[in-house]
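Coordinate inspection notes
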Amino acid sequence: MTEAQVVRQLLKPALWLAGLAPISWLVWTGFHGGLSADPVKYLTHFTGRTTLIIVMLTLSVTPIRHLSGRQGLGRVRRLVGLFAFFYAVVHLLIYFVFDRGLVLAELGEDIAKRPYITVGFTAWTMLLALAVTSPLAMVRRLGGERWQRLHRLIYFVVPLGLLHFAWAQKKDLSPLWPYLVAVGGLLALRLLARQPSRRPRVRASRVPPEG
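Here's what I pulled together on the structure shown here.

Cut-off values and rules
Residues numbered from 1 in each chain as written. Predicted model: local features only at pLDDT ≥ 70, side-chain atom pairs only at ≥ 80, totals over all residues. Heavy atoms only, no water. Phe/Tyr/Trp six-rings, centres within 6.5 Å; stacked < 30°, edge-to-face > 60°. Helix = DSSP H or I, 4+ residues; strand = E, 2+ residues; numbered from the N terminus. Buried < 20%, exposed > 50% of the residue type's maximum accessible area, 1.4 Å probe, protein only. Salt bridge = Lys/Arg side-chain N within 4 Å of Asp/Glu carboxyl O. Core = buried A, V, L, I, M, F, W, Y, C linked by side-chain atoms within 4.5 Å. Contact = heavy atoms within 4.5 Å. 1 Å grid on protein atoms, 1.4 Å probe; cavity = no way out; pocket = protein on both sides within 12 Å on 5 of 7 lines; lining within 4 Å. Points joined across faces, edges and corners; volume = space filled by probe spheres on them. Nonpolar A, V, L, I, M, F, W, Y, C, P; charged D, E, K, R; others polar. Expected span 1.5 Å × (residues − 1). Arc of directions from axis to C-beta.

Attention now moves to the packing of aromatic side chains. Within this structure, the stated rule accounts for seven aromatic pairs. Note on Trp16 and Phe83: the rings are 5.3 Å apart at their centroids and 75 degrees apart in plane angle, and the pair reads as edge-to-face. With Trp16 in helix H1 (residues 3-31) and Phe83 in helix H3 (residues 77-99), this residue pair connects regions lying 67 residues apart in the sequence. Ring geometry for Trp25 against Phe46: centres 5.6 Å apart, planes inclined by 20 degrees, an arrangement best described as stacked. A residue pair is termed long-range when its members are at least 10 positions apart, and Trp25 in helix H1 and Phe46 in helix H2 (residues 39-68) qualify at 21 residues. The exposure class assigned to Trp25 is partly exposed, which follows from its relative accessible area of 40%. With relative accessibility at 15%, the residue Phe46 sits in the buried group. Of the aromatic side chains, those joined through ring pairs into one cluster are Trp25, Tyr42 and Phe46.

Here you go:
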């Protein structure tokens, strides 16, 4: 079985199952009354954390690809990124529907006046831009260089997401530490992947690099 076949027949189906697992678990838990005494808060925090985790996984694809020499891994990065955007949309909808009652004016007021909402919405719009331009047709339309520059927005999404998460926690910042440690590990992984001696010689991939 070739690397492309492994990605298409094994890795992508596994990623679909993994990507749908959190929302499936939420639905199952909701039907069984396990969303705690404050379901809206639980759903908001759960989907926000899930988004942040998947965004960090998206950033890990490129260094893992370079370190392993498995260039086919680049073909799953878009799928992982789209799952991050999916959970970001669910996160925003939960807030908009249950906290703001579908009142667009109240949502706009929150974005303008509440800093942690402003930061979170800014990160969301960046993910939107990345999701809209993720198809290969958009890569061709924008051109590889402009597409790469645009997709470097992902490097801003992580710190903005962490800041949004920290502000949402208010005084108790202890839940933030695992994410900071994970980001530190991710940065170390990316630096390691940039070492020329660590990067195996492989044929160039047609998958656009992450930047």
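Having put the structure on the table, let's press on.
What follows is about the pattern of salt bridges. If you walk through the whole model with that rule in mind, you get five salt bridges. In this structure, the salt-bridge partner of Glu109 is Lys113, at a minimum N-O distance of 3.9 Å. Residue Glu109 and its partner Lys113 are both found in helix H4 (residues 104-113); the two are separated by four residues, about one turn of the helix. Exposure remark for Glu109: the relative accessible area of 44% places this residue in the partly exposed category. For Lys113, a relative accessible area of 64% puts it in the exposed group.

Before going further, it helps to spend a moment on the nonpolar core. Counting 36 residues, the largest nonpolar core has Val55, Met56, Leu127, Ile154, Val157, Val158 and Leu162 as the members making the most contacts within it. Elements that contribute at least two residues to this core include exactly H2, H3, H4, helix H5 (115-132), helix H8 (154-169) and helix H9 (177-193). No other element matches the ten residues that H3 contributes to this core. Among all residues touching Leu127, those that are not within four sequence positions of it are Thr51, Val55, Phe85, Ala88, Ile154 and Val157.

Here the largest pocket defines a volume of roughly 700 Å³. When residues of the lining of the largest pocket are traced back to their parent elements, those giving at least two are H2, H3, H4, H5 and H8. Of all the elements, H2 adds the most residues to the lining of the largest pocket, at nine residues. Across the lining of the largest pocket, the residue classes tally to 17 nonpolar, eight polar and six charged.

Before going further, it helps to examine the environment of Leu102. Tracing the backbone shows Leu102 in the loop between H3 and H4. By relative accessible area, which is 56% here, Leu102 ends up exposed. When sequence neighbours within four positions are dropped, the list of residues in contact with Leu102 reads Phe96 and Val97.

Next up on the list: the side chain of Arg65. Note on placement: Arg65 falls in helix H2. For Arg65, the contacting residues outside a window of four places in its chain are Arg70, Gln71, Leu73, Gly74 and Arg77.

The next point concerns H9. Taking 1.5 Å per residue as the helical rise, H9 with its 17 residues ought to reach 24 Å, and the 24 Å between its terminal C-alpha atoms agrees with that figure. Those residues of H9 not exposed but buried are Tyr179, Val183, Leu186, Arg190 and Ala193. All buried residues of H9 lie within an arc of 85 degrees about the axis, which places them on one face of the element. Residues of H9 that are exposed and angled more than 90 degrees away from the buried face: Trp177, Pro178, Val181 and Leu191.

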